[in-house]
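Okay, here's what each chain looks like letter by letter:
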Amino acid sequence: ALAQKELQVLRGCLGTSRLYDPGAALLAPALASEDIIVRTHREATIALYQAVVAGQEWEAVLLEQQSAPSMTAYIGRSGTSALGRLLQSRAVLRMRLQHFEAAQSDFQRALKIEPSSEEVKVLARQCACACAVRSP
């Protein structure tokens, strides 16, 4: 809980920067800069994404351990699964970090849990395209 609050404070501080809000960015900044403010904001944004992904990895393990043999234990009031939403969120952050193969793995797992999710299907296709472009 304390780590979550610290991440929220960091996210809030970065979001008020004139440079950009990391929550709205499509990708983590890829280019390094000589400017100390730009460089520090870039490094903090990447660290924030990595910390959130690490927390989500831990949450996913807990959800999987607490689940019943069927996926019905994951289903929430809205009809979507907590694990499916978590995997989708983690995959989006991994795409922002340009870790496309890991993101694709998360999207595939999310689709196994929620095969009818159009949003996950679209994001998985976009991620697959990014993987294809980056492969030699």
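Thresholds applied
Residues numbered from 1 in each chain as written. Predicted model: local features only at pLDDT ≥ 70, side-chain atom pairs only at ≥ 80, totals over all residues. Heavy atoms only, no water. Helix = DSSP H or I, 4+ residues; strand = E, 2+ residues; numbered from the N terminus. Expected span 1.5 Å × (residues − 1). Buried < 20%, exposed > 50% of the residue type's maximum accessible area, 1.4 Å probe, protein only. Contact = heavy atoms within 4.5 Å. pLDDT = per-residue confidence, 0-100. Core = buried A, V, L, I, M, F, W, Y, C linked by side-chain atoms within 4.5 Å. Salt bridge = Lys/Arg side-chain N within 4 Å of Asp/Glu carboxyl O. Axes fitted to C-alpha atoms, helices over the stretch in contact; angles between N-to-C directions. Parallel < 35°, antiparallel > 145°, perpendicular 65-115°, else oblique. Left-handed = near helix turned anticlockwise from the far one by under 90°. Nonpolar A, V, L, I, M, F, W, Y, C, P; charged D, E, K, R; others polar. Polar contact = N/O pair within 3.5 Å; in protein donor to acceptor, adjacent residues only side chain to side chain.

**A closer look at helix H3 (residues 82-96)**
Step number 1: Its 15 residues give H3 an end-to-end C-alpha distance of 21 Å, which sits within 8% of 21 Å, the value for a rise of 1.5 Å per residue.
Step number 2: The element H3 is largely enclosed, with a buried count of 11 among its 15 residues.
Step number 3: For H3, the set of buried residues is Leu-83, Gly-84, Leu-86, Leu-87, Gln-88, Arg-90, Ala-91, Leu-93, Arg-94, Met-95 and Arg-96.
Step number 4: At its buried positions, H3 is contacted by helix H2 (36-66), helix H4 (100-113) and helix H5 (118-134).

**As for H4**
Step number 1: For H4, spanning 14 residues, the distance from its first C-alpha to its last is 20 Å, which sits close to the expected 20 Å at 1.5 Å a residue.
Step number 2: Along H4, the residues classified as buried are Phe-100, Ala-103, Gln-104, Asp-106, Phe-107, Ala-110, Leu-111 and Ile-113.
Step number 3: The inward-facing, buried residues of H4 contact H3 and H5.

**Observations regarding the confidence of the model for the chain**
Step number 1: When pLDDT is averaged along the chain, the result is 80; 75% of the residues meet or exceed 70.
Step number 2: The model gives residues 71-79 a pLDDT under 50, and that stretch makes 13 contacts with residues more than four places away or in other chains.

**Things to note about the nonpolar core**
Step number 1: Grouped together as the largest cluster of nonpolar side chains are 18 residues, with contacts concentrated most on Leu-83, Met-95, Phe-100, Ala-103, Phe-107 and Cys-127.
Step number 2: When contributions to this core are tallied by element, the ones reaching two or more residues are H3, H4 and H5.
Step number 3: Setting aside its immediate chain neighbours within four residues, Phe-107 contacts Gln-88, Ala-91, Val-92, Met-95, Val-120, Leu-123, Ala-124 and Cys-127.
Step number 4: Residues Ala-28, Ile-46, Val-52 and Leu-93 belong to the second largest nonpolar core, which totals 8 residues.

**Quick look at the pattern of salt bridges**
Pairing between side chains of opposite charge can happen when the charged atoms of each approach one another.
Step number 1: Applying the stated criterion across every chain, the model contains 5 salt bridges.
Step number 2: For Arg-94, the salt bridge goes to Glu-57, with nearest N and O atoms at 2.4 Å. Residue Arg-94 is located in helix H3, and its partner Glu-57 is located in helix H2; the two are separated by 37 residues in the primary sequence.
Step number 3: For Glu-57, a relative accessible area of 33% gives the class partly exposed.
Step number 4: Through salt bridges with shared partners, a single network forms among Glu-57, Arg-90, Arg-94 and Asp-106.

**As for the packing of H3 against H5**
Step number 1: At a closest axis distance of 11 Å, the pairing of H3 and H5 adopts a crossing angle of 25°. Considered as vectors, H3 and H5 are oriented roughly parallel to each other. Of the two elements, H3 crosses H5, and the hand of that crossing is left-handed. Between H3, through Gln-88, Val-92 and Met-95, and H5, the contact on the second element is made entirely by Glu-119, Val-120, Leu-123 and Cys-127.
Step number 2: Classifying every residue of the contact of H3 with H5 by side-chain character gives 5 nonpolar, 1 polar and 1 charged.

**Focus: the side chain of Ser-117**
Step number 1: Residue position: Ser-117 is located in the loop between H4 and H5.
Step number 2: Residue classification places Ser-117 among the buried positions, given a relative accessible area of 14%.
Step number 3: Among the polar contacts made by the side chain of Ser-117, one reaches the main-chain amide nitrogen of Val-120 at a distance of 3.3 Å.

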